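Notes for the structure review
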Amino acid sequence: MNGIINILKPPNMTSHDVVGLIRRTLKIKKVGHTGTLDPMACGVLPICVGQATKVSQYLLNDRKKYRCEMVLGSNTDTQDRWGTIVHERPVNVDEEQILGVFEEFKGEILQTPPMYSALKKDGRKLYELAREGKTVERKSRKIYIYNIEVIRILGNNILFDVECSKGTYVRTICEDVGNKLGCGAHMTFLLRTQTGGFHLEDTVTIEDIERLSIEELEKEFYPLDYPIQSFPKVLVHDWAERFLLNGNTIYMKNIKENDELKEDDLVRMYSKDKFIAIGRVKKDKDNNVYIDTDRVFH
């Protein structure tokens, strides 16, 4: 059983809980997710099963889209409504000021990860230190906001959509926006609507998992190569399939058809239209192109 199932993670459930449910339901050990959602967040959570766990590392760089609600006027220790209020300030801003600050968050920005996160410092997760009342220095990281759009402003509540790079903490955006406005803010709701090629409208619910048979669930699986369709495609000659299956280096003489190849590109590799492996394009000292096989799936 190999493939990817697009789960609608509900709130009050960790990403690891979802992985455990899939393991128990499908009676298979090789199960993993492609990017953690906070326990109280909900939305798109692709789960890789069997051989698909080998492709999960290539999905971490995918863009992600969220719908988020925040409230102005107070900061919490977790940057969301499930934490403890640590600071309250009056809200004296108008819609024009709010929209102006949101505009400042478009493009490449620096973001400091929150203490309540799974990042590690000296071998310990930050949220473990935070629960002990400790605060440690965190390095700011470059993230990219492809788009951020305010949907509705109702009193102190702001609903917005954001499309961002990996490693972005949306609750930190909420707090940073509030602090720029001089009143503070925290996140009250978060829904992931898309990650890579996986969309909210195509998700399978937890209730579906508990209701459907294993055979019916298998019909919901996406193929191994679905999330890497943006990678250039390489088709090897029939006689070179054994080289690919053995993880050997693939030279141009072994290739029957290919998309345009650039050095250091990751490529999806096929034999007889069957997806076999992921490789990386390289050049030797004489500038000849070849492909290093990175992961073999069959």
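Rules behind the numbers
Residues numbered from 1 in each chain as written. Predicted model: local features only at pLDDT ≥ 70, side-chain atom pairs only at ≥ 80, totals over all residues. Heavy atoms only, no water. Salt bridge = Lys/Arg side-chain N within 4 Å of Asp/Glu carboxyl O. Helix = DSSP H or I, 4+ residues; strand = E, 2+ residues; numbered from the N terminus. Buried < 20%, exposed > 50% of the residue type's maximum accessible area, 1.4 Å probe, protein only. 1 Å grid on protein atoms, 1.4 Å probe; cavity = no way out; pocket = protein on both sides within 12 Å on 5 of 7 lines; lining within 4 Å. Points joined across faces, edges and corners; volume = space filled by probe spheres on them. Pairing = 2+ DSSP bridges. Domains from an automatic or database assignment. UniProt positions renumbered as here; feature names shortened; annotations may be inferred. Core = buried A, V, L, I, M, F, W, Y, C linked by side-chain atoms within 4.5 Å. Contact = heavy atoms within 4.5 Å.

Under the defined criterion, the tally for this structure stands at 11 salt bridges. Note that Glu163 and Arg63 form a salt bridge whose closest N and O atoms lie 3.3 Å from each other. On the criterion of sequence distance, the pair formed by Glu163 in strand E11 (residues 157-164) and Arg63 in the loop between strand E3 (42-49) and strand E4 (64-72) is long-range, its members being 100 residues apart. The exposure class assigned to Glu163 is buried, which follows from its relative accessible area of 18%.

Right, let's talk about the layout of surface pockets for a bit. Estimates place the volume of the largest pocket at around 1200 Å³. In terms of lining, the largest pocket is formed by 37 residues, of which the most central are Thr36, Leu37, Asp38, Ala118 and Tyr169. Mapped by element, the contributors of at least two residues to the lining of the largest pocket are helix H1 (15-26), E4, helix H3 (126-131), helix H4 (170-180) and strand E12 (185-195). In terms of residue count, E12 provides more of the lining of the largest pocket than any other element does, 3 residues in total.

Moving on: the sheet that holds strand E19 (residues 289-296). One open sheet accounts for 6 strands, arranged E15-E19-E18-E17-E14-E16; its pairing is mixed. Both edges of this open sheet fall to strand E15 (250-251) and strand E16 (255-258), since each of them pairs with a single strand only. Sheet analysis places E15 next to E19, joined by 2 bridges and oriented antiparallel. In the strand pairing of E19, Ile250 is matched with Ile291.

The domain boundaries assigned to the protein chain delineate domain 1 (3-62 + 197-222), domain 2 (64-194) and domain 3 (233-296). Look at where the C-alpha atoms of domain 2 and domain 3 centre, and you get two points 43 Å apart.

Turning next to the UniProt feature "domain: Pseudouridine synthase II N-terminal" (unreviewed entry) in the protein chain. The sites that carry the UniProt feature "domain: Pseudouridine synthase II N-terminal" (unreviewed entry) are, in the present numbering, residues 23-170. The span residues 23-170 shows a helical share of 14% and a strand share of 39%, and its end C-alpha atoms are spaced 29 Å apart.

Let us look at the nonpolar core. Counting 28 residues, the largest nonpolar core has Met70, Phe102, Phe160 and Val162 as its most contacted members. The set of elements that each furnish at least two residues to this core consists of E4, helix H2 (95-103), strand E10 (141-154), E11, H4 and E12. With near-sequence residues (within four places) excluded, Val162 lies in contact with Lys64, Lys65, Tyr66, Ile145, Asn147, Ile148, Val170 and Ile173. Counting 19 residues, the second largest nonpolar core, distinct from the first, contains Val204, Ile206, Ile209 and Phe221.

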